[in-house]
Amino acid sequence: GSERLKETMSAGVQLKETQAINKSLFTLGQVIAKLADMSKKGLASTQHIPYRNSKLTQLLQDSLGGSALCLMVTCISPAASSAEESINSLKYATRAMLVANKPVVKLDP
């Protein structure tokens, strides 16, 4: 999930790590939203997908809208104090479900 700076009270190196995590998750959200929109509208893959904006999305490129199967596990909390975060996580996962992959078996010659 996202790292909330106020709750984690990060400082120094941890602050930079938290910011990097949030940037990667934001970029992942952009990629998933773009791929889900393309899948829903049946658009060709000629649109630009911002995979290069994050190392995380670069690593997941084949899994996200590519030729691999992908599984997303979403963890939510039953606590009332985490309701907003749980709802956001479920929305994120719902967008990810809309991404249509075309799995291909690749064999070495």
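About the criteria used
- Residues numbered from 1 in each chain as written.
- Predicted model: local features only at pLDDT ≥ 70, side-chain atom pairs only at ≥ 80, totals over all residues.
- Heavy atoms only, no water.
- Core = buried A, V, L, I, M, F, W, Y, C linked by side-chain atoms within 4.5 Å.
- Buried < 20%, exposed > 50% of the residue type's maximum accessible area, 1.4 Å probe, protein only.
- Helix = DSSP H or I, 4+ residues; strand = E, 2+ residues; numbered from the N terminus.
- Expected span 1.5 Å × (residues − 1).
- Arc of directions from axis to C-beta.
- Contact = heavy atoms within 4.5 Å.
- Polar contact = N/O pair within 3.5 Å; in protein donor to acceptor, adjacent residues only side chain to side chain.
- Axes fitted to C-alpha atoms, helices over the stretch in contact; angles between N-to-C directions.
- Parallel < 35°, antiparallel > 145°, perpendicular 65-115°, else oblique.
- Left-handed = near helix turned anticlockwise from the far one by under 90°.
- Nonpolar A, V, L, I, M, F, W, Y, C, P; charged D, E, K, R; others polar.

J.: Honestly, the nonpolar core in this entry has me stumped. Any pointers?
T.: Taken as a class, soluble globular proteins show a tendency for nonpolar side chains to be buried jointly. Ranked by size, the top nonpolar core spans 12 residues in total: Leu28, Val31, Ile32, Leu35, Ala36, Met38, Ile49, Tyr51, Leu64, Tyr92, Ala96 and Val99. Those elements giving two or more residues to this core turn out to be helix H2 (13–41) and helix H4 (83–97). Counting residues per element, this core draws most heavily on H2, at six residues.

J.: Looking at this structure, how should I read H4?
T.: Along an α-helix, a turn takes 3.6 residues, which lines up residues three or four apart on a common side. Relative to the 21 Å expected for 15 residues at 1.5 Å per residue, H4 spans 21 Å between its end C-alpha atoms, a close match to the ideal helical length. For H4, every residue scored as buried is listed here: Ser86, Ser89, Tyr92, Ala93 and Ala96. Down the axis of H4, the sector holding all buried residues measures 120 degrees, keeping them to one side. Residues of H4 that are buried sit in contact with H2.

J.: Where do I start with the side chain of Thr57 in this structure?
T.: Here Thr57 is to be found in helix H3 (residues 55–59). Within the local environment of Thr57, its side chain forms a polar contact with the backbone oxygen of Ser54, the two atoms lying 3.0 Å apart.

J.: What should I look at first to understand the packing of H2 against H4 in this one?
T.: Packed helices, taken two at a time, are described by the angle between their axes plus the distance between the axes. With their axes 8 Å apart at the nearest point, H2 and H4 run at an angle of 40 degrees to one another. Judged by the angle between their axes, H2 and H4 are oblique. Seen along the crossing, H2 lies across H4 with a hand that is left-handed. Counted together, Leu25, Leu28, Gly29, Ile32, Ala33 and Ala36 of H2 and Tyr92, Arg95 and Ala96 of H4 form the full contact between these two elements. Here the residues of the contact of H2 with H4 sort into seven nonpolar, one polar and one charged.

Without other data, these values stay purely geometric and don't point to any function.
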